[in-house]
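# Report on the structure
What follows is the residue order along each chain.
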Amino acid sequence: MGLNAPNAEVQPQQQPITITNQLQNIKDLLSAPITALVGDSSEIKNIFEQIESQLPEPLQIKLWPASNLPFFRIEVNRAQQRIEARRSQISLKADIAQKCKTLNQKKATLDIKADMSANMNRLDLLNKELAELEEKVRITKKLIQAEEASIANSKQETQEIAEQIQT
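Residues numbered from 1 in each chain as written. Predicted model: local features only at pLDDT ≥ 70, side-chain atom pairs only at ≥ 80, totals over all residues. Heavy atoms only, no water.

## Notes on the overall build of the protein
The number of helices and strands found in the protein is five helices and zero strands. For the protein, the succession of helices and strands along the chain, N to C, is α-α-α-α-α. A burial count over the protein gives 10% of its 167 residues as buried. Within the protein, contacts between residues separated by at least 24 positions form 52% of all contacts whose residues are at least 6 apart in sequence. Accessible area of the protein: about 14400 Å², with a carbon and sulfur share of 57%. (Helix = DSSP H or I, 4+ residues; strand = E, 2+ residues; numbered from the N terminus. Buried < 20%, exposed > 50% of the residue type's maximum accessible area, 1.4 Å probe, protein only. Contact = heavy atoms within 4.5 Å. Areas by Shrake-Rupley, 256 points an atom, 1.4 Å probe, with all protein chains shown as cover.)

## What to know about the pattern of salt bridges
Side chains bearing opposite charge may pair, as long as their charged atoms lie close to each other. Tallying each qualifying case throughout the model produces four salt bridges. Across the salt bridge formed by Arg-138 and Glu-135, the nearest N and O atoms sit 2.2 Å from each other. With Arg-138 and Glu-135 both in helix α5 (residues 73-166) and three residues apart, this pair spans about one turn of that helix. Taking the relative accessible area as the measure of exposure, Arg-138 reaches 38% and is therefore partly exposed. You can call Glu-135 partly exposed: its relative accessible area is 34%. (Salt bridge = Lys/Arg side-chain N within 4 Å of Asp/Glu carboxyl O.)

## Points about the side chain of Ser-67
Structurally, Ser-67 is set in helix α4 (residues 57-67). Of note is the side chain of Ser-67, whose polar atom sits 3.0 Å from the side chain of Asn-68. Look past the residues within four positions of Ser-67 in its chain and what remains in contact with it is Ser-41, Ile-44, Lys-45 and Phe-48. (Polar contact = N/O pair within 3.5 Å; in protein donor to acceptor, adjacent residues only side chain to side chain.)

## Structural notes on helix α3 (residues 42-51)
Residues of α3 that are buried include every one of Ile-44, Ile-47, Phe-48 and Ile-51, and no others. Seen end-on, α3 carries its buried residues on one side only, within an arc spanning 100 degrees. (Arc of directions from axis to C-beta.)

## Topic: the side chain of Asn-68
By secondary structure assignment, the location of Asn-68 is in the loop between α4 and α5. The class of Asn-68 is buried, set by a relative accessible area of 5%.

## Thoughts on the confidence of the model for the protein
Parts of the model with low pLDDT should not have their predicted coordinates read in detail. Looking at the protein as a whole, the pLDDT averages 85, with 90% of positions reaching at least 70. Every residue in residues 1-12 scores below 50 in pLDDT, and together they form one contact with partners more than four places removed in sequence or on other chains. (pLDDT = per-residue confidence, 0-100.)

## Side note on the packing of α3 against α4
At a closest axis distance of 9 Å, the pairing of α3 and α4 adopts a crossing angle of 155 degrees. Overall, the two elements α3 and α4 adopt an arrangement that is roughly antiparallel. Where α3 abuts α4, its residues Ile-44, Lys-45 and Phe-48 lie against Gln-60, Leu-63, Trp-64, Ala-66 and Ser-67. In the contact of α3 with α4, the residues fall into five nonpolar, two polar and one charged. (Axes fitted to C-alpha atoms, helices over the stretch in contact; angles between N-to-C directions. Parallel < 35°, antiparallel > 145°, perpendicular 65-115°, else oblique. Nonpolar A, V, L, I, M, F, W, Y, C, P; charged D, E, K, R; others polar.)

Below is the structure:
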């Protein structure tokens, strides 16, 4: 025990420990899941109300939201819905990616078949052109044969006429 100045207030040594303990208790309570905190934070609010007057104003302002977490319930619920929506989208994205991969493979196969179809069409056109050319060749050969026959007949007629003239 030391000497005290007259009219001086004695600060009990236990009060800062109590505030520290209460703040630690608030910290421990705040480590609970957010859904539980926004559902019921009455214990945090009770502790805060007990020590609020002993805290500096900036700390009171910072701790006030922690003691009134149910006001944030709607915001927290919306955030959880967005998180769940994103989680459900993960499987949808994977499914879409798989379907895209399958469709791309089918498209590649179809492109190959379409290319083969174009090649088959070109082959058909070439075969038709060949048939037309072969027909022209056949007709030309007939014309050549006819001309050769005509020339042969002309030679024979010329010889016959020449023989008739000689006789």
